[in-house]
Amino acid sequence: MSRHVLAISDLSDEEIESILRRAEEMEATLERRTEAAHGGDAGAIPRSAAGRIMATLFYEPSTRTRLSFEAAMWRLGGAVISASDMKSSSASKGETLADTAKVVSSYADVLVLRHFWDGAARVAAEHADVPLINAGDGSHEHPTQTLCDLYTLKRAKGTLRGITVAIGGDLKRGRTAHSLVRALARFKANIVIIPARGMEFPDWLLQKVAEEYGYRPTVARPGDLKALARDVNALYLAPARPHQLTLFTDTEFDLQERLAEAEPITLDALYMTRPQRERRDDTTDDGVEYLRVDTDTFQDPTMRHTVLMHPLPRTGEISSALDRDPRALYFRQAASGVPVRMVLVEMVLAE
Ligand code: ASP
Ligand code: CP
């Protein structure tokens, strides 16, 4: 049986912790190698993929995921085959995803798939004879982005347990947010969700988080961010029982409900996402209030301990004036793609 990674739940706690730990070592090795180019001491990058081939099958555009997977494979001594655009593959003649996965498995040792359908990775994996890694399937999941997010967050905050992370934007169709909320609940972070109106997390996802981790995120509205920034102590959770099973109701605004009998907390991270316009099925969300972070919001002293994250690409959710702020971590998230994916590729190839 091949070792597929289709959702964040395909990785155990121990595996995720080990990936994050080993990615740190890998990043240090990559840095030493860069320094060696300037006369320093080169660290040895493991050639653990030597002689192995990765096939990247991207039915949707990508910059970070595709190029960092490909860079990871080359860095490990492996090679990459690909269709520059799946429209130039036989998919355009009507070949099914199942047949493509089956055929390409006979050319490569690992497949990396991005597709516009929810569940495409699972379908492809059922027909693949080698490990398949989901690089984003429709509005469903993007587990390797979550590994990068957890890695960056843990490095910045030292831990995931007990930190408070606000996730804002298009939570309905944002697959990075879907994988992230499951992982954060699992590692016992507190979660505040700030969906744009009409872009709330799907019920099935919140139900799963409630069933699996006994946790229900706090819900806030985009307009509350200013209030959170100005008066972060107004944001309270129920710290005595943050991870006990609460009776699951719905995703209605419930920040006020949680104000009672609680200790003040700090907003450790704000994770923004862009509206997923390419997967929008109607125009009812035209003109909705969408959370945007600018200097005015982010320079408020009450947010001095808050790191700012985004899986990228950004389309106006974060002002570029914040890029030089040391708390802006989105380019570090993107850079972590190489060491994190190197470790993941090593892992699936070793099994
Ligand atoms: N790049 C991420 C994804 O493919 C996030 C985004 O595109 O908004 O899901
Ligand atoms: N974060 C992310 O998945 O970026 P790409 O869509 O550019 O791969």
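You'll find the structure just up there.
This report concerns the structure included in the present document. Predicted, not measured: the structure shown is a model, and the values here were computed from it.

Cut-off values and rules
- Residues numbered from 1 in each chain as written.
- Chains lettered and ligands numbered in written order.
- Predicted model: local features only at pLDDT ≥ 70, side-chain atom pairs only at ≥ 80, totals over all residues.
- Heavy atoms only, no water.
- Near = heavy atom within 4 Å.
- Polar contact = N/O pair within 3.5 Å; in protein donor to acceptor, adjacent residues only side chain to side chain.
- Areas by Shrake-Rupley, 256 points an atom, 1.4 Å probe, with all protein chains shown as cover.
- Nonpolar A, V, L, I, M, F, W, Y, C, P; charged D, E, K, R; others polar.
- Buried < 20%, exposed > 50% of the residue type's maximum accessible area, 1.4 Å probe, protein only.
- Helix = DSSP H or I, 4+ residues; strand = E, 2+ residues; numbered from the N terminus.
- Pairing = 2+ DSSP bridges.
- Patch = residues over 30% accessible without salt bridge, like charges linked within 9 Å, V, L, I, M, F, W, Y side chains within 5 Å.
- Salt bridge = Lys/Arg side-chain N within 4 Å of Asp/Glu carboxyl O.

It is worth spelling out the site of ligand 2 at this point. All residues adjacent to ligand 2 are Ser62, Thr63, Arg64, Thr65, Arg114, His142, Gln145, Pro311 and Leu312. In this structure, Gln145 approaches ligand 2 through a side-chain N or O atom, which is 3.0 Å from a nitrogen atom. Contact distances for ligand 2 include 2.8 Å between a nitrogen atom and a backbone N or O atom of Pro311. When ligand 2 sits alone it has 260 Å² of accessible area, and the protein chains cover 92% of it. Considered class by class, the residues forming the shell around ligand 2 number two nonpolar, five polar and two charged.

In this section: the site of ligand 1. Close to ligand 1 lie Arg114, His142, Arg175, Thr176, Arg274, Gln276, Pro311, Leu312 and Pro313. Here an oxygen atom of ligand 1 sits 2.7 Å away from a polar atom, N or O, in the side chain of Arg274. A distance of 2.8 Å separates an oxygen atom of ligand 1 from a polar atom in the side chain of Gln276. Considered on its own, ligand 1 offers 260 Å² of accessible surface; in the complex 93% of this is hidden by protein. Tallied by class, residues from the shell around ligand 1 come to three nonpolar, three polar and three charged.

On to the pairing of strand 3 (residues 110-115). Most of strand 3 sits out of view: six of its six residues are buried. Residues Val110, Val112 and Arg114 point to one face of strand 3 and Leu111, Leu113 and His115 to the other, with burial holding for every one of them. Where strand 1 (residues 53-58) lies against strand 3, five bridges are found, and the strand directions are parallel. Paired with Leu57 across the strands is Leu113, a residue of strand 3. Taken together, the four bridges between strand 3 and strand 4 (residues 132-137) define a ladder with parallel strand orientation. The residue bridging His115 from the neighbouring strand is Asp137, located in strand 4.

We now examine a nonpolar patch on the surface. On the surface, Ile81, Val103 and Tyr107 cluster together to form a nonpolar patch covering roughly 260 Å² of accessible area. Mapped onto the elements, Ile81 comes out in strand 2 (residues 79-82).

Moving on: the pattern of salt bridges. According to the stated counting rule, one finds 19 salt bridges in the structure shown. The salt bridge partner of Arg22 is Glu346, with a shortest N-O separation of 2.7 Å. Note that Arg22 is positioned in helix 1 (residues 13-36) and Glu346 in helix 11 (residues 337-350), a separation of 324 residues in sequence. With a relative accessible area of 14%, Glu346 lands in the buried category. Linking Glu212 and Arg182 is a salt bridge whose minimum nitrogen-to-oxygen distance equals 3.1 Å. Of the two residues, Glu212 sits in helix 7 (residues 203-213) while Arg182 sits in helix 6 (residues 175-186), which places them 30 residues apart along the sequence. Assessed through its relative accessible area of 5%, Arg182 is described here as buried. Connected through salt bridges with shared partners, the residues Glu60, Arg175, Arg274, Glu278 and Arg279 form a single ionic network.

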